[in-house]
Amino acid sequence: MADPERRFYRAARVANQAMDGWLPDHAVGVANGKIVDVLPSADAPAHETVDLGDVSLLPGLVEGHTHIPCPPRVDAFDIISVEPNEPALMRAAHAVGLALRSGITTMRDLGSKNEVVFAVRDAIASGVIPGPRLLAAGAPITRTMDHCWFWGGEADSPEAVRAQAQVTVDDGADVLKVMASGGNFTPTSNPRDRQYPPETIREIVEAGKSTGIEVAAHTHAAEGIRAAVEGGVRHLIHCRWLSANPEEGFKYEPELAQRIADEGIWVNPTIGLGLLAAEARQRGDTAPRRNPNLQGPSPRQQGLEILRDMRDRGARFTSGLDMGMAYADFNRATAEAWAFVEDIGLSEWHALRIMTCDTAAAIGVGDQVGRLQPGFGADLAAFTGDPAANIRDLDQPVFVMQGGAMVVGEPSP
Ligand SMILES: [Zn+2]
């Protein structure tokens, strides 16, 4: 007997299970929050079928790198470095709703106050507020007054770093974040500086190990990349190869890049942020303050050239726009996919895999979401046009479903 809760969602183009081509005129069957079938529309029971029309139906998007309390404004530092938790909570609750309506059904936050991000994650999980399924790092571990110190994760010695990692694990972290170099956002920080030696980063990796928690390392500095890799980190964030010597600009090390590729370490290059910033500059928008400590050249084109070399070596990429930074509002995650195609030369389908199954695998939920496959969560997002032909069609969706619940679109008949 047919399940009274079962519905089929028909689309002109449905992503195949491998996420490398369209199934023309197919329907995805959904019941009890799961995908139960993917079949030609002609075989779906008409009275249970909702016709989404001439759209491209994909798995719900998976976003790998956000900061949900951060306002995406050029003066964000002045706000979040001093405000109490209450406004941060309100802003974060708004941000996750915006992200969900933009098609993101799973998201990883890589740096926020523990009191804010874990509360929002738990509120989403218990159905109090709408939002993507959230995995959260809590306070990034950073040196005193260094990158994002204001989120509460300051620690300098190996012992203090280990203790801080343990506090964040005990508070409920799903992943740990370490600032392996300084960052642009924090004016007392220098993006060219390595923050910790490999042995200290290893303390964080060890703190997460017993509970299966992995570590993501922010690094703009080549020396930060080396320390993270040698410390056992599995996720490199930004992965820019700035030299410690400002006159040198970048210091790319091809052998280390090959090791990153060979060991399958995930790379989140946050290139969509540069794309959005460049477009904002063209519009004449106010630019963020330049970090006063960042001297010497770091041209975007040279950074992209390095990433194309990492691509050729087989590096594995994840999504992650760094939403919450200037220009990166919580409905803009797909700009990272645009940049993968336009700036790194990946195929559209490769970029679509990064936005779905690849990042789902990277963050540890690849057996539950990220593909239109029976048994997987009923997370769906449909877009007008064909993002496999024009990646910019991967923009605001006309239909979003999360765990079988309608988020965007017409209610079922
Ligand atoms: Zn970030």
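Here the structure is a predicted model, which is why all the values come from computation and not from measurement. (Residues numbered from 1 in each chain as written. Predicted model: local features only at pLDDT ≥ 70, side-chain atom pairs only at ≥ 80, totals over all residues. Heavy atoms only, no water.)

Structural notes on the sheet that holds strand β6 (residues 61-66)
As a general point, the strands of a sheet are linked pairwise by backbone hydrogen bonds and lie either parallel or antiparallel.
Next, step 1: Ordered by their spatial adjacency, 3 strands build an open sheet running β6-β7-β8, and the pairing between neighbours is parallel. Each having just a single partner strand, β6 and β8 (133-136) make up the two edges of the open sheet. Neighbour-to-neighbour, the strand axes of the sheet open up by a mean angle of 15 degrees, direction not taken into account.
Next, step 2: Summarising the sheet, strand β7 (residues 104-109) and β8 pair through 4 bridges and their orientation is parallel. Considered in β8, the bridge of Thr-106 is made with Arg-133. (Pairing = 2+ DSSP bridges. Helix = DSSP H or I, 4+ residues; strand = E, 2+ residues; numbered from the N terminus. Axes fitted to C-alpha atoms, helices over the stretch in contact; angles between N-to-C directions.)

Details of the coordination of the zinc ion
Next, step 1: For the zinc ion, the protein coordination sphere consists of His-65 (NE2), His-67 (NE2) and Asp-322 (OD), at 2.0 to 2.2 Å.
Next, step 2: When the donors of the zinc ion are listed by position in the chain, the intervening gaps give H-x1-H-x254-D. Taken together, the residues His-67 in the loop between β6 and α1 (76-80) and Asp-322 in the loop between β13 (316-317) and α10 (335-342) connect sequence positions 255 residues apart. For the pair His-67 and Asp-322, one class covers both residues: buried. (Donors = N, O, S within 2.8 Å, 3.2 Å for Na, K, Ca; no water. Buried < 20%, exposed > 50% of the residue type's maximum accessible area, 1.4 Å probe, protein only.)

Focus: the state of the cysteines
Next, step 1: By the definition in use, this model includes 0 disulfides.
Next, step 2: Cys-148 takes part in no disulfide bond, and the closest cysteine sulfur, belonging to Cys-70, lies 7.2 Å away. (Disulfide = S-S within 2.5 Å.)

Some thoughts on the domain arrangement of the protein
Next, step 1: Along its sequence, the protein is carved into domain 1 (7-60 + 370-408) and domain 2 (61-362).
Next, step 2: Spacing between the C-alpha centres of domain 1 and domain 2 amounts to 30 Å.
Next, step 3: For the pair domain 1 and domain 2, the summed buried area comes to about 2,200 Å², and 63% of that belongs to carbon and sulfur atoms.
Next, step 4: Salt-bridge contacts for Glu-342 lead to Arg-392; the nearest nitrogen and oxygen are separated by 2.8 Å.
Next, step 5: At the boundary of domain 1 and domain 2, one finds 11 residue pairs in polar contact (both at pLDDT 80 or more).
Next, step 6: Those elements that provide at least two residues to the side of domain 1 that touches domain 2 are β5 (55-59), β14 (380-384), β15 (399-402) and β16 (405-408).
Next, step 7: Residue contributions to the side of domain 1 that touches domain 2 peak at 3 residues, all from β15.
Next, step 8: Of the residues assigned to the side of domain 1 that touches domain 2, the class counts are 18 nonpolar, 5 polar and 5 charged. (Domains from an automatic or database assignment. Buried area = accessible area lost by both parts, 1.4 Å probe. Salt bridge = Lys/Arg side-chain N within 4 Å of Asp/Glu carboxyl O. Polar contact = N/O pair within 3.5 Å; in protein donor to acceptor, adjacent residues only side chain to side chain. Nonpolar A, V, L, I, M, F, W, Y, C, P; charged D, E, K, R; others polar.)

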